[in-house]
Amino acid sequence: MERADSVHQGDVVIAIVDYGMGNLHSIAKAMAHVAPGETIRLTGEPAVLAEARRLVLPGVGAMGEAMAELSRRGLDVALRQLIPQRPTLGVCLGMQLLFEYSSEHGGAAGLGLLAGKLRRFATPGLAVPHMGWNDVQPKHGEHPLWQGMEQGALFYFVHSYFLEASAPAVAALSAHGTPFGSAVLQNNIFAVQFHPEKSGPAGLRLLQNFVQWQPAPS
Amino acid sequence: MNSPHPGNPPAGPAPHGATPQHAPPWGVVRRRLIPCLDVDQGRVVKGVRFNALRDAGDPVEVGRRYAAAGADELFFLDISASHQARKTMLHVVERLAEEVFIPLSVGGGVATVDDIRATLRAGADKVAINSAAVADPTLIERAAQCFGNQCIVVAIDARARGDGGWEIFTHGGRRPTGLDAVAWAQRAVQLGAGELLVTSMDRDGTRTGFDVALLRAVRSVVDCPIVASGGVGELGHLLEGLKEGGADAVLAASIFHFGEYSIPEAKAFLARHGIVVRL
């Protein structure tokens, strides 16, 4: 793994988008674990992202603040252009950012690359954030991204806002009082609400599947 | 996961026409079991023993074993006081994060937003703050704004007051504050705590079980996850904390460290008593 501030040589194979929010290090370490020998960079430079063959958009925190950080760094424009062109993995807030709108803090627009909306969990008696291990049911379990996973594998979630289950790109469902979209897949974009980098062997397998994934040209 | 597994989500029909066939119910967030490790100068103290294996006291080795045994998260409490030891702890976290791919929480002596940033950068997922948050509650707010609520755990050390309430103590339970524990819990969540680690200082180390009344009192005023801590001496105590106390997670040290019970034994016990856990 190489950091943005280190000298690097060769192609940037996997770029993890660094926009100054949250903990990008866990995902970087997990990617380094499943892709040894690959060049992995944490970077907020649009030019470096443009060189990368794969993008990872992580993130935790609030959508409005994340979008403000992305636009302050010119990354909103860059990502809208780059994401549709290469295999991209969104994780947690990084998944939510791909969508049109979240009701977070009175309403915030996302990158708008996928159709759908997010709202806050509000089931009486259930803790918010939704924090812990929960089920994930893929719609198409035979898809390469889900290969090699134990049946009934659980994944680790931490989030307060959820994607409506009816969004067109939804590729897996989970529930916390209400069903919601826990993974989305559209052309070369794959994104998950849970944290594969914190979900033990099943999560690492999912990351490995992403690293090897060759989506059909759209 | 090659074929959709059966289940019964609590709200609405099961996805894709799946029918409920087996426990645990589908789509229920699992209650968490979290081993806690005290670390001093980069070494696990109090000793840890896995069955016949004696552990060398390397936190990375211990963390890896607990993760492999099915721990849902790991909590590392840095009990060393010096600035130099904090750096040692960050190295430990870095090494852990390279090998252990479950959530890692770190607490002990975290005083500033910069401390939190450094701990997260090292690879921690959550950072617990205690005395510093009591001294300056805006730390919770500033930290949550910088890093998101989900990684800010406010640790609450409370002692029963004798009038049915509880008082917050800081500095490892030595310093009284006059603050009401339940009111402080509510305030901490309003300021941005994403999780509360609630420790009864009366019970800590006694092996007589959690202070269930304290857990219930905190549960009644906050909707964020609560981790129960302090006093576990047997598996029934874990069940009490989750069932009677309404905690989302239970933290325990000695019952696991000395090999009295394994993580799988504890989870099997909880599952037999109707708690939905990750087996």
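### A look at the interface of chain A and chain B
Contacts between the two partners involve 52 residues from chain A and, on the opposite side, 47 residues from chain B. Around 3,900 Å² of area is buried between chain A and chain B when both sides are counted, 56% of it from carbon and sulfur atoms. Taken as a group, Lys29, Trp133 and Gln137 of chain A account for 19% of the area that chain A buries against chain B, more than any other trio of residues on that side. If you look at where chain A meets chain B, you find two salt bridges. The residue Asp125 of chain B makes a salt bridge to Lys198 of chain A at a minimum N-O spacing of 2.9 Å. Scanning the region where chain A abuts chain B turns up 15 residue pairs in polar contact (both at pLDDT 80 or more). Those elements that place two or more of their residues in the side of chain A that touches chain B are helix H1 (25-34), strand S9 (130-135), strand S10 (137-138), strand S11 (154-159), strand S13 (170-176), strand S14 (178-186) and helix H6 (200-212) of chain A. Of all the elements, S9 of chain A adds the most residues to the side of chain A that touches chain B, at six residues. Here the side of chain A that touches chain B is composed, by residue class, of 21 nonpolar, 21 polar and 10 charged.

### What to know about helix H3 (residues 63-72) of chain A
All names here are of chain A. Three or more residues of H3 are buried, namely Met63, Ala66, Met67 and Leu70. Mapping the buried residues of H3 onto a view down its axis gives an arc of 100°, with all of them on the same face. In this structure, the buried side of H3 is in contact with helix H4 (75-82), helix H5 (93-96), strand S6 (101-102), strand S7 (108-109) and strand S8 (117-120).

### Comments concerning the packing of helix H2 (residues 83-99) of chain B against helix H3 (residues 113-122) of chain B
Residue and element names in this part refer to chain B. One can describe the packing of H2 onto H3 by two numbers: an axis separation of 8 Å at closest approach and a directional angle of 30°. Compared by their axis directions, H2 and H3 come out roughly parallel. When H2 is examined against H3, the residues Arg86, Leu90, Val93, Glu94 and Ala97 are found in contact with a partner set consisting of Ala118, Thr119 and Ala122. Of the residues assigned to the contact of H2 with H3, the class counts are five nonpolar, one polar and two charged.

### With respect to the pairing of strand S9 (residues 166-170) of chain B
Residue and element names in this part refer to chain B. Burial analysis of S9 places five of its five residues in the buried class, which makes it a mostly covered element. Residue alternation in S9 divides its side chains into two sets, Trp166, Ile168 and Thr170 and Glu167 and Phe169, and both sets are buried. Bridge count between strand S8 (residues 152-160) and S9: three bridges; the pairing is antiparallel. Residue pairing for S9: Ala160 is matched across the bridge by Trp166. Note that S9 and strand S10 (residues 175-180) share three bridges and pair antiparallel.

### Side note on the pairing of strand S15 (residues 189-192) of chain A
Residues and elements named next belong to chain A. By the alternation rule, side chains of S15 split into Ile189 and Ala191 and Phe190 and Val192, which are all buried. When strand S5 (residues 88-91) meets S15, the two strands line up parallel, connected through four bridges. What sits directly across from Val91, in S15, is Val192. Bridging between S14 and S15 involves four bridges; their strand directions are antiparallel. Along S15, the bridge assignment pairs Gln186 with Ile189. Joining the antiparallel neighbours S14 and S15 is a turn of two residues, in which Asn187 adopts a positive phi near 50°.

Procedures and definitions
- Residues numbered from 1 in each chain as written.
- Chains lettered and ligands numbered in written order.
- Predicted model: local features only at pLDDT ≥ 70, side-chain atom pairs only at ≥ 80, totals over all residues.
- Heavy atoms only, no water.
- Contact = heavy atoms within 4.5 Å.
- Buried area = accessible area lost by both parts, 1.4 Å probe.
- Salt bridge = Lys/Arg side-chain N within 4 Å of Asp/Glu carboxyl O.
- Polar contact = N/O pair within 3.5 Å; in protein donor to acceptor, adjacent residues only side chain to side chain.
- Helix = DSSP H or I, 4+ residues; strand = E, 2+ residues; numbered from the N terminus.
- Nonpolar A, V, L, I, M, F, W, Y, C, P; charged D, E, K, R; others polar.
- Buried < 20%, exposed > 50% of the residue type's maximum accessible area, 1.4 Å probe, protein only.
- Arc of directions from axis to C-beta.
- Axes fitted to C-alpha atoms, helices over the stretch in contact; angles between N-to-C directions.
- Parallel < 35°, antiparallel > 145°, perpendicular 65-115°, else oblique.
- Pairing = 2+ DSSP bridges.

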